[in-house]
Amino acid sequence: MATFILVPGAWHGAWAFEAVVPLLERAGHTVHALTLTGLWPEDDDATVATANLDTHADDVLRLLDRAHITEATLVGHSYGGMVIAAAADRAGGRVARLVHLDAYVPRDGESCWSSTSEGYREAFVAGAAGTGYAVQPSTGGDPRRRPHPLASLLQGIRLTGAFAQVPRREFVYCSGWEDRTPFADLRTRLRADPEWQVHDLPTVHNAMREDPEAVAALLLGDEQRPGAAWVFHGVAGLVSEHRGPRAGLALGASAPPPTRDLGPHPAALGPTGRRPDAIYHGGRGPERPHLPTAER
């Protein structure tokens, strides 16, 4: 069985994966969904102001240490791709698989700021205008979203080469917002790299909300040949291979059946019943700048 560590994107907490976690757990896997430093409702201004990419990579590394995890599958959504790349590079071989879920895949020295689109950079500046250190979430979205530490979006990543040695590296491209996605060029680059597997999902950016079953099925899928690219045609459809040795795979067919009753999902347990490494709460923060609706 695998151990999944799920890292959310900017403004979000562990709750962003609340529909995916039980699907993985019912298949018998261990799942840790993280809320990063500076994104907790109780975090004070100093914590938010000083949290950067290194801070967030350390959040993942502390979990590896605390839970004695040696073969982790790190899943990063959006900005979370920066975090899992940095953590994997420093994890000392304890990461077996990386899944960048419509997420940044940085090269040494790059940052979320340098890797994203001009529209997102403008939103970062507008969102941080009030405090100078925290980017407010867009209006009209999930009220659990929190102001995101600006320093984490600006800091360049330091990669030693260990990130490139992770045995399985995968990128998931969400094609349902192609008019706004900052990841089209990244998809092209990684499809040309034989060491990466590229998957397409026909969802908007927050795939784990729109189609959690498809996301879970992708995470539960069999080993694939490096360089293979797959397209998911909805949770009831098939996975069609663009290239590689196999003609197709029934979506989720490789997932083992549930082996036990896991009881209530942590999202429903409340403050007294939650797990310390999987927190599904947030809080209503001030909302001001406009961001692409896919971020909400």
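Rules of the game
- Residues numbered from 1 in each chain as written.
- Predicted model: local features only at pLDDT ≥ 70, side-chain atom pairs only at ≥ 80, totals over all residues.
- Heavy atoms only, no water.
- Helix = DSSP H or I, 4+ residues; strand = E, 2+ residues; numbered from the N terminus.
- Polar contact = N/O pair within 3.5 Å; in protein donor to acceptor, adjacent residues only side chain to side chain.
- Salt bridge = Lys/Arg side-chain N within 4 Å of Asp/Glu carboxyl O.
- Buried < 20%, exposed > 50% of the residue type's maximum accessible area, 1.4 Å probe, protein only.
- Phe/Tyr/Trp six-rings, centres within 6.5 Å; stacked < 30°, edge-to-face > 60°.
- Patch = residues over 30% accessible without salt bridge, like charges linked within 9 Å, V, L, I, M, F, W, Y side chains within 5 Å.
- Areas by Shrake-Rupley, 256 points an atom, 1.4 Å probe, with all protein chains shown as cover.
- Expected span 1.5 Å × (residues − 1).
- Contact = heavy atoms within 4.5 Å.
- Pairing = 2+ DSSP bridges.
- Right-handed = clockwise from strand over helix to strand, strands pointing away.
- Core = buried A, V, L, I, M, F, W, Y, C linked by side-chain atoms within 4.5 Å.
- Axes fitted to C-alpha atoms, helices over the stretch in contact; angles between N-to-C directions.
- Left-handed = near helix turned anticlockwise from the far one by under 90°.

Help me get a handle on the side chain of Arg97, residues and values and all.
Along the chain, Arg97 falls in strand S4 (residues 95-101). Reaching out from Arg97, the side chain makes a polar contact with the side chain of Glu170 at a distance of 2.7 Å.

Tell me about the pattern of salt bridges, and name the residues and values.
Between side chains of opposite charge, pairing is possible as soon as their charged atoms come close. One pass over the structure, following the stated rule, counts 14 salt bridges. The closest approach of N and O atoms between Asp200 and Arg187, which form a salt bridge, is 2.6 Å. Residue Asp200 is found in strand S8 (residues 197-201), and its partner Arg187 is found in helix H8 (residues 184-191); the two are separated by 13 residues along the sequence. Note on accessibility: Asp200 and Arg187 belong to one class, buried. One salt-bridge network, in which partners are shared between bridges, spans Glu18, Asp142, Arg144 and Arg209.

Tell me what's going on with the packing of aromatic side chains, and back it up with residues and numbers.
A complete count under the given rule lists six aromatic pairs for this structure. Here the aromatic rings of Trp11 and Phe124 are separated by 6.3 Å at their centres, their planes lie at 50°, and the arrangement is tilted. Of the two residues, Trp11 is situated in the loop between strand S1 (3-7) and helix H1 (21-26) and Phe124 in helix H6 (residues 118-128); the sequence distance between them amounts to 113 residues. For Trp11, a relative accessible area of 2% translates into the label buried.

Residues and numbers for unusual backbone geometry, please.
A positive phi angle, near 75°, is found at Trp11, a position not held by glycine. The backbone of Ser78 sits at a positive phi, close to 55°, despite the residue not being glycine. Looking at the element boundaries, Ser78 is found in the loop between strand S3 (72-77) and helix H4 (80-90). Assessed through its relative accessible area of 4%, Ser78 is described here as buried.

How would you explain a nonpolar patch on the surface if you had to name every residue and give the values?
A cluster of nonpolar side chains, Trp113, Val125 and Leu154, forms an exposed patch at the surface whose accessible area comes to about 260 Å². Tracing the backbone through its elements, the reader meets Leu154 in helix H7 (residues 150-154).

Could you give an account of helix H3 (residues 53-67), with specific residues and numbers?
Here H3 is 15 residues long and its end C-alpha atoms lie 22 Å apart, about the 21 Å a rise of 1.5 Å per residue gives. Buried within H3 are the following residues: Leu53, Asp54, His56, Ala57, Asp59, Val60, Leu61, Leu63 and Leu64. As for H3, its buried residues are in contact with S1, strand S2 (30-33), S3, H4, strand S6 (148-149) and H7. With a side-chain oxygen positioned 3.1 Å from the backbone nitrogen of Asp54, the residue opening H3 is Asn52. A positive backbone phi angle near 55° is found at His68, which sits one or two residues after H3.

An account of the pairing of S2 is requested, with residue identities and associated values reported.
Where S1 and S2 come together, four bridges link them in parallel fashion. Bridge pairing in S2 places Phe4 opposite Val31. Between the parallel pair S1 and S2, the chain is carried across by H1, and the sense of this crossover is right-handed.

Talk me through the nonpolar core; I want residue IDs and the actual numbers.
Most often, soluble globular proteins keep nonpolar side chains buried together rather than apart. Core analysis: the largest hydrophobic core is formed by 74 residues, its most contacted members being Ile5, Leu74, Tyr79, Phe171 and Leu219. The element best represented in this core is H4, accounting for seven residues.

Run through the pairing of S3, naming residues and quoting values.
Summarising burial for S3: six of the six residues are buried, a large majority. Alternating positions in S3 separate into two faces, Ala72, Leu74 and Gly76 on one and Thr73, Val75 and His77 on the other, with burial throughout. Relative to S3, S1 runs parallel, the two sharing five bridges. Its bridge partner being in S3, Leu6 is matched across the sheet by Val75. Where S3 and S4 come together, six bridges link them in parallel fashion. Counted as the bridge partner of Gly76 is His100 from S4. Traced from S3 through H4 to S4, the parallel crossover comes out right-handed.

Summarise the packing of H3 against H4; cite the residues concerned and give the values.
What describes two packed helices is the angle between their axes and the distance between those same axes. The contact between H3 and H4 brings their axes to 8 Å, and the two run at 65°. Helix-helix and strand crossings are classified by hand; for H3 and H4 the assignment is right-handed. Residues Leu53, Asp54, His56, Ala57, Val60 and Leu61 of H3 pack against Met82, Val83, Ala86, Ala87 and Arg90 of H4.

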